[in-house]
Amino acid sequence: MNVSQRTITPIAWVNGRVRFLDQTRLPSEIVYRETEDELFLAEAIKRLAIRAAPLIGIAAAYGLVLAMNKLTREDLPARRSAFDRAYALLASTRPTAVNLFWALNRMCRTFQKYEHLPIESLQELLLAEARAIHDEDASMCERISVLGAALLPVGAAVLTHCNTGRLATGGKGTALGILETAWEQNKIKHVYIDETRPLLQGSRLTAWELSTLGIPATLIVDSAAGFLMQRGLVDAVLVGADRIVANGDVANKIGTYSLALLARHHHLPFYVAAPATTIDFSLTSGASIPIEQRQATELFWLFDNDTPAAEVDCYNPAFDVTPHELISALITDVAVIESPTPERMLTIRTRLETERTRAETSR
Ligand code: MRU
């Protein structure tokens, strides 16, 4: 693969269409797809061609623009029902990452504010909002990267899980953005990448991103993490998040909880990096986070065979929940919360509410 990862844009709005990189084809092929159809986009999210919490939020925002761009002279009730249909379609794609619902709700507020305007103006304002969601995510990645890199010691060997880089966000990434920044600061000795069964976001996507950045990295099977820690090869664990709730519990790719337990046993810091858009203050604990269940066939595709070898049931949760007690720090674009607790999470909440009020009064 000789295409620089820095030139890869996982999603873009190009001439009235959404252009996205089909991540199911990576790393062997770089395939871009273009669509004017929100249904096609929703299917791409479902099959993980577009994936990861921040990126599916951005995609959903563009999906609503596509749906509204199909309208010509419809009256208000027809506009509303078209918007509601597209909202429901996109909201049904994946249940765990809260960024999806955050972005849809933000677009909904824009729609409600301007729904009575001439259709061209409404369409332009919705596109502007989707672009703002995209651009703001890139800025959040920058802030997370700087704050997170400051936590890593010089010469750090870091273990990461799933994919949290440019392929996962509107910018340089969350956990991988931190690794890129820390690498530029000469702090990274090595990165260990969990392959991330069953869909191999680690071996297909993170390995590719890190190799194109020139960061020394070693791929391991997920179950090797404890052994590496036992041998003293890992200094810190750094992962992303799909939803962080009010007490600091974190949902992330299946296997994250096991890593947090291993890190605690081996006295290693366990860091979670995510934008504030991944925080859901409406849920008080991780037990209430909806966990996506995926098809059993995902457990067998590696063997070129979509049926189990024996008559057994399959259980394929895509995410798990790490209790806040196991987290050394939450690294967000707003603040770093060390040893998160419900009380400490309130500091972020207060900051976000103050910023929102300031933004609303300045409009
Ligand atoms: O199923 P995926 O590939 O969408 O899961 C992605 C993850 O779990 C990421 O760690 C998370 O979304 C954070 S990405 C910045």
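Scroll up for the structure.
The paragraphs below set out a description of the structure included in this document.

Surveying the vicinity of the ligand reveals 18 residues, the closest of which are R51, R94, D242, N252 and K253. Within the side chain of R94, a nitrogen or oxygen atom sits 2.7 Å from an oxygen atom of the ligand. The contact in question runs from an oxygen atom of the ligand to an N or O atom on the side chain of K253, over 2.7 Å. Mapped onto the shell around the ligand, the elements with two or more residues apiece are α2 (53–69) and β9 (250–253). For the shell around the ligand, a count of residues per class yields eight nonpolar, six polar and four charged.

The next thing to look at is the side chain of T93. Tracing the backbone shows T93 in the loop between α3 (76–91) and α4 (98–114). T93 gets classed as buried once you look at its relative accessible area, which sits at 7%. Within the structure, the side chain of T93 is placed 2.7 Å from the backbone oxygen of L90, a separation counted as a polar contact. Excluding anything up to four places from it in sequence, T93 contacts A42, I45, K46 and L100.

Let us look at the layout of surface pockets. Of the voids in this model, the largest pocket is the one considered here, and its volume is about 1,200 Å³. Taken together, 29 residues form the lining of the largest pocket, with W102, R106, R109, E136 and R356 sitting closest to its centre. For the lining of the largest pocket, the secondary-structure elements that each account for two or more residues are α4, α5 (119–149), β11 (279–280) and α10 (342–362). It is α4 that contributes the most residues to the lining of the largest pocket, nine residues altogether. Residues of the lining of the largest pocket, tallied by class, amount to eleven nonpolar, four polar and 14 charged.

Moving on: the nonpolar core. Across soluble globular proteins, nonpolar side chains show a tendency to be buried alongside one another. Counting 42 residues, the largest nonpolar core has I11, V18, F20, I50, Y62 and M107 as the members making the most contacts within it. Of all the elements in the fold, those that place two or more residues in this core are β1 (11–14), β2 (17–21), α1 (38–46), α2, α3, α4 and α5. The element that contributes the greatest number of residues to this core is α2, accounting for 13 residues. In this structure, V18 is in contact with I11, A12, W13, R33, E34, T35, L41, Y62 and L66, ignoring residues within four places of it in sequence. Grouped together as the second largest cluster of nonpolar side chains are 33 residues, M229, L259, A274 and M345 included.

Counting buried residues along helix α6 (residues 175–184), eight of its ten residues qualify, which places the element largely inside the surrounding structure. Residues A175, L176, G177, I178, L179, E180, T181 and A182 constitute the buried set of α6. Once α6 finishes, N186 follows within two positions and takes phi at roughly 60°, a positive value.

The mixed open sheet is built from four strands, whose spatial order is β11-β8-β9-β12. Strands at the two margins of the open sheet, each flanked by one partner only, are β11 and β12 (319–322). Bridge count between β9 and β12: four bridges; the pairing is antiparallel. Across the sheet, the residue bridging to A251 is V321, located in β12.

Turning next to the sheet that holds strand β3 (residues 32–35). Taken in spatial order, the three strands of this open sheet run β1-β2-β3, and their pairing is antiparallel. Among the strands making up the open sheet, the edge pair consists of β1 and β3. When strand polarity is set aside, the average angle formed by the axes of neighbouring strands in this sheet is 25°. Where β2 lies against β3, four bridges are found, and the strand directions are antiparallel. Within β3, the position partnered with V18 by the bridge is T35. Contacting β2 and β3, α1 crosses the sheet at an angle of about 20° to β2.

What counts as what
- Residues numbered from 1 in each chain as written.
- Predicted model: local features only at pLDDT ≥ 70, side-chain atom pairs only at ≥ 80, totals over all residues.
- Heavy atoms only, no water.
- Near = heavy atom within 4 Å.
- Polar contact = N/O pair within 3.5 Å; in protein donor to acceptor, adjacent residues only side chain to side chain.
- Helix = DSSP H or I, 4+ residues; strand = E, 2+ residues; numbered from the N terminus.
- Nonpolar A, V, L, I, M, F, W, Y, C, P; charged D, E, K, R; others polar.
- Buried < 20%, exposed > 50% of the residue type's maximum accessible area, 1.4 Å probe, protein only.
- Contact = heavy atoms within 4.5 Å.
- 1 Å grid on protein atoms, 1.4 Å probe; cavity = no way out; pocket = protein on both sides within 12 Å on 5 of 7 lines; lining within 4 Å.
- Points joined across faces, edges and corners; volume = space filled by probe spheres on them.
- Core = buried A, V, L, I, M, F, W, Y, C linked by side-chain atoms within 4.5 Å.
- Pairing = 2+ DSSP bridges.
- Axes fitted to C-alpha atoms, helices over the stretch in contact; angles between N-to-C directions.

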